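# Summary of structural features
Each chain is listed here by its residues.
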Amino acid sequence: MMDPKELMAEAAVLEPQLQNWRRTLHRHPEVGFDLPKTRALVKQALTEMGYTPQDCGKAGILVLAGGKKPGKTILLRGDMDALPIQEESGVDFASEVPGRMHGCGHDMHTAMMLGAAKLLKAHEEELEGTVKLEFQPAEEIFQGSPDMIANGLLENPKVDAAVMFHVLAGMPLPSGMVLVPGGGITMASCEQYHITVHGKGGHGSMPEACIDPVTAAAHIHIALQEINSREMDPHSFGVFTTGRFQAGAASNVIPDTAEMWGTIRTIDPENKVGELIHKRMTEIAQGVAAAYRCTAEVGFSDYCPCMVVDHALAGNAMTYMTELVGQGAMDMSKLTGGKPGGGSEDFAFVSHEVPTVSMFLSAGNAKEGYAYGQHHPKVKFDDSILYEGSAAYSWFALRWLSEHK
């Protein structure tokens, strides 16, 4: 087994290429499953390294490293999709696509994975088993991971363990820190909801001749807050947020409908809390709507389960990352108090199928000029840490395979 410092030095040599990949992707963000330019860049880079990229599902890409020696298979994941927001970061390689931005750092993940692919190809003879590298679409809409699983992600060869990294900006940590979770639930589940309130539109000067859905929807929004404060066990975690409220198109017209969209998050792997929220949201929305002479439709979609981190794999992660970055590896519980975070991640679908660990890599704090966090139009990420991410992916794979024959 090579020395981790040697691997880190090899990764550092890749830094200019990693930044070029990342910044090219950043200029051309694509969303969901519609990733033609992103996929072309990834496939070309992998082919030039000597891989044979395989399509998986609607837009996923897989390659295999190793396999020349018998052993287990470990999966490494990097997601590729961007967000439908307008960039305001001010960087000189900002998005050239109006209304789209890599505001969650998936361009960083893709570049880190390409770097890992290059490092693992160079050390292929040392791999005591197989590394499956996954380039995933549609993480932001929680559809990419289940689509790839349904299309054989975890088979041929069968995956024995899975690893992902996510970059973080705007956190009070120096760039390059690796955050390692303990075992158990580390991220919440997430689900979309959509409420449509139907009334009767008309002229704004004659409300008595109309049935105003805006008033009903506003009261529904307020009433839903009572589920948390009065109906749930105080020890339960259940958050629902209305992130979009839309009604009408003119100030002097009462519309026929008002709509609300939002998310539900829990940390219950059996989703009993989610089922309670479903039931009560539907009852409250329809009941309040009826009180204001309206009707309401309530729908739920795009469910993503909570992330479950395997205890043994988390222990491995702390050991391997300490070997690689020394005191730069940190137990996440020092930040979280051991409590799950409210964010969600669709790699959670994988975590319910095979032992999984989800780690984070800090990519800038406010003192370093990275004041904004994920999903903000002004967010920036320190891409000088890309090589460390590539080394972390690679070292984890090399070490885990050598220890789990």
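Reading the values: rules and limits
Residues numbered from 1 in each chain as written. Predicted model: local features only at pLDDT ≥ 70, side-chain atom pairs only at ≥ 80, totals over all residues. Heavy atoms only, no water. Buried < 20%, exposed > 50% of the residue type's maximum accessible area, 1.4 Å probe, protein only. Helix = DSSP H or I, 4+ residues; strand = E, 2+ residues; numbered from the N terminus. Pairing = 2+ DSSP bridges. Core = buried A, V, L, I, M, F, W, Y, C linked by side-chain atoms within 4.5 Å. Contact = heavy atoms within 4.5 Å. Phe/Tyr/Trp six-rings, centres within 6.5 Å; stacked < 30°, edge-to-face > 60°. Salt bridge = Lys/Arg side-chain N within 4 Å of Asp/Glu carboxyl O.

## Brief notes about the pairing of strand β5 (residues 161–168)
Most of β5 sits inside the fold, with eight of its eight residues counted as buried. Taken together, the four bridges between strand β3 (residues 72–79) and β5 define a ladder with parallel strand orientation. The partner of I74 across the bridge, within β5, is A161. Pairing of β5 with strand β16 (residues 356–362), which is carried by seven bridges, proceeds in the parallel orientation. Each residue of the ladder has a partner; that of V167, found in β16, is L361.

## A look at the nonpolar core
Nonpolar side chains in soluble globular proteins tend to be buried together. Core analysis: the biggest nonpolar cluster contains 93 residues, and L46, L120, V131, M321 and F396 have the highest contact counts within it. Per element, the largest residue contribution to this core is 10 residues, and it comes from helix α11 (residues 386–403). The contacts of L46, once residues within four sequence positions are left out, are Y51, P53, I61, V63, L114, A117 and F135.

## Notes on the packing of aromatic side chains
Scanning all chains against the criterion turns up two aromatic pairs. Ring geometry for F165 and Y393: centres 4.9 Å apart, planes at 80 degrees, overall edge-to-face. Placement of F165 in strand β5 and of Y393 in helix α11 is noted, with a sequence separation of 228 residues between them. Assessed through its relative accessible area of 1%, F165 is described here as buried.

## Remarks on the pattern of salt bridges
A complete count under the given rule lists 17 salt bridges for this structure. Salt-bridge contacts for D79 lead to R77; the nearest nitrogen and oxygen are separated by 3.5 Å. One exposure class covers both D79 and R77, and it is buried. For E231, the salt bridge goes to R280, with nearest N and O atoms at 2.5 Å. Linking E231 in helix α6 (residues 213–231) with R280 in helix α7 (residues 272–291), this pair joins segments that are 49 residues apart in sequence. Look at E231 and you get partly exposed, because its relative accessible area is 33%. Look at the salt bridges and you will find they share partners, linking R22, R23, D107 and D383 into a network.

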